[in-house]
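Analysis of the macromolecular model
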Amino acid sequence: MMLKDKVAVIYGAGGAIGGAVARGFAAEGARLFLTGRHRAPVEAVAKDIVSADGSAEVAEVDVLDEQAVDRYLRYVVGQAGRIDVSFDAIGIPGSQILGVPSTDLDAEAFSLPITTYTTSYFVTARLAARHMIPNRTGVIMTVTAFPARKGTPLNGGYGAAMAAKEALTRDLSAEFAPHGIRVLALRPNGMAETSTMRELFEIRARASGMTWEQFEGFLASVTHPRRVMTLEEMASVAAFMASDKASGMTGTTVNLTMGTLDD
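First, a word on scope: everything that follows refers to the structure included in this document. Treat the numbers as computed from the prediction; the structure is a model and nothing was measured. (Residues numbered from 1 in each chain as written. Predicted model: local features only at pLDDT ≥ 70, side-chain atom pairs only at ≥ 80, totals over all residues. Heavy atoms only, no water.)

Counting its secondary structure elements, the protein contains eight helices and seven strands. On C-alpha atoms alone, the protein measures out to a radius of gyration of 18 Å, which is about the 18 Å that the 2.2 N^0.38 rule sets for 263 residues. Its C-alpha atoms put the protein at 55 × 40 × 35 Å along the principal axes. Burial statistics for the protein: of 263 residues in total, 50% are counted as buried. Expressed as a percentage of contacts within the protein between residues at least 6 apart in sequence, the contacts between residues at least 24 apart total 72%. Here the protein has roughly 12100 Å² of accessible surface; of this, 52% comes from carbon and sulfur atoms. Charge centroids of the protein, computed over 25 positive and 29 negative side chains, lie 4 Å from each other. (Helix = DSSP H or I, 4+ residues; strand = E, 2+ residues; numbered from the N terminus. Rg over C-alpha atoms; globule rule 2.2 N^0.38 Å. Buried < 20%, exposed > 50% of the residue type's maximum accessible area, 1.4 Å probe, protein only. Contact = heavy atoms within 4.5 Å. Areas by Shrake-Rupley, 256 points an atom, 1.4 Å probe, with all protein chains shown as cover. Lys, Arg positive; Asp, Glu negative; His and termini not counted. Charge placed at Lys NZ, Arg CZ, Asp CG, Glu CD.)

This next bit is on the nonpolar core. Membership of the largest hydrophobic core comes to 39 residues, with the highest contact counts inside it found for F25, L32, L34, M141 and M234. One finds L73, A129, M132 and L172 within the second-largest nonpolar core, a separate group that totals 33 residues. (Core = buried A, V, L, I, M, F, W, Y, C linked by side-chain atoms within 4.5 Å.)

Glancing now at empty space enclosed by the protein. Inspection of every chain in the model, using the stated rule, returns one cavity of 30 Å³ or more. Its boundaries defined by the atoms lining it, the largest cavity holds a volume of some 80 Å³. Every residue along the wall of the largest cavity is listed here: I92, G94, I97, L98, P113, Y117, Y158, T196 and E199. Looking at the lining of the largest cavity, the elements with two or more residues in it are α4 (107-132) and α6 (195-208). (1 Å grid on protein atoms, 1.4 Å probe; cavity = no way out; pocket = protein on both sides within 12 Å on 5 of 7 lines; lining within 4 Å. Points joined across faces, edges and corners; volume = space filled by probe spheres on them.)

The subject of this paragraph is the side chain of S86. Here S86 is to be found in strand β4 (residues 85-88). Every residue in contact with S86, bar those within four places of it in the chain, is listed here: V9, Y11, T124, A128, M132, V139, I140 and M141.

A few words now on the packing of helix α1 (residues 16-27) against helix α8 (residues 231-242). Running from N to C, α1 and α8 point in directions that differ by 55°, and their axes come no closer than 8 Å. Regarding the angle of α1 to α8, the classification is oblique. The crossing of α1 and α8 is right-handed. Of the residues in α8, those touching α1 at A16, I17, A20, V21, G24 and F25 are L231, M234, A235, A238, A239 and A242. Class assignment of the residues belonging to the contact of α1 with α8 gives a composition of 11 nonpolar, one polar and no charged. (Axes fitted to C-alpha atoms, helices over the stretch in contact; angles between N-to-C directions. Parallel < 35°, antiparallel > 145°, perpendicular 65-115°, else oblique. Left-handed = near helix turned anticlockwise from the far one by under 90°. Nonpolar A, V, L, I, M, F, W, Y, C, P; charged D, E, K, R; others polar.)

We now examine unusual backbone geometry. In this structure, R136 takes a positive phi of about 55° despite not being glycine. For M258, which is not glycine, the phi torsion reads 55° and is therefore positive. For M258, a relative accessible area of 17% corresponds to the buried category.

Let us now look at helix α7 (residues 212-221). Residues W212, F215, L219 and A220 constitute the buried set of α7. The arc that holds the buried residues of α7, viewed along the axis, is 140°, so those residues lie on one side. Against the buried residues of α7 lie α6. (Arc of directions from axis to C-beta.)

Attention shifts here to the packing of aromatic side chains. Within this structure, the stated rule accounts for seven aromatic pairs. Judged by centre distance (5.6 Å) and plane angle (40°), the ring pair of W212 and F215 falls under tilted. Residue W212 and its partner F215 are both found in helix α7; the two are separated by three residues, about one turn of the helix. For W212, a relative accessible area of 14% puts it in the buried group. Over the ring of W212 we find R198, and its NZ or CZ is 3.6 Å from the ring centre. (Phe/Tyr/Trp six-rings, centres within 6.5 Å; stacked < 30°, edge-to-face > 60°. Lys NZ or Arg CZ within 6 Å of the ring centre and 35° of its normal.)

We now examine the pairing of strand β5 (residues 138-143). The buried fraction of β5 amounts to six of the six residues, a majority that puts the element mostly inside the structure. As judged from the four bridges shared by β4 and β5, these two strands associate in the parallel manner. Paired with V85 across the strands is V139, a residue of β5. Of the pairings in the sheet, the one linking β5 to strand β6 (residues 181-188) comprises six bridges and is parallel in character. Paired with I140 across the two strands is V183, which belongs to β6. What joins β5 to β6 is helix α5 (residues 158-176), and the crossover it makes is right-handed. (Pairing = 2+ DSSP bridges. Right-handed = clockwise from strand over helix to strand, strands pointing away.)

Pasting the structure below:
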């Protein structure tokens with residue numbers, strides 16, 4: 001078990017990606033502290049984990065509230081003694097941003113994903129690092145998306161937000177690595193199981209009458225194996241990256257676009 005006895009905090013654990021990572025970490029033996037802005041979906045994930053003999057505790061935490069995150073991490077350390085992994089998987093609804101022409105998108109809507117995604121990552125990372133530095137070990141992780149590297153239309157500030165998170169991953173690694181902390185990001189291709197892909201589908205369906213099967217085919221068509229990545233596959237890579245087996249990895253974004261992007 002790659003993460004046996006590791007203490008992991010996952011933010012946004014009630015979402016598709018956060019929930020998949022939580023289940024993947026649990027399967028590898030991690031002790032989990034799961035958070036979200038809304039408790040019910042996080043509890044559903046925790047229930048699955050506990051029913052499979054895993055360990056998961058739930059809390060309602062707003063990651064944009066520094067004091068709330070700080071209090072929560074102090075609680076985690078009080079309960080578990082340390083923090084080994086911090087994973088930021090928060091997401092925001094894109095229905096008011098995606099599909100809107102830039103000429104019609106106001107500055108506040110454009111900046112919303114940039115501000116939200118980068119602030120949550122920075123806050124959770126810096127506060128986790130405070131607890132990791134004395135132990136000279138730890139892993140800080142997040143998830144981005146291929147618009148960080150590829151131009152996409154009608155995307156508002158989403159691509160800029162993802163690119164900023166990848167830049168922050170490099171910067172934080174340069175600062176924290178001398179203290180034994182690894183900082184990493186995952187960049188999966190569009191996964192049909194996520195709410196973001198459902199939102200994109202609704203936009204395309206309204207514009208062209210595309211069916212869900214046709215949309216899945218479109219997502220698959222840009223990858224080398226002509227299929228979409230699953231959440232389980234993404235979570236397996238996340239577990240490896242968080243483990244000591246990936247001790248040589250830091251300051252990088254792992255390309256999980258299945259060939260859609262060439263690094």
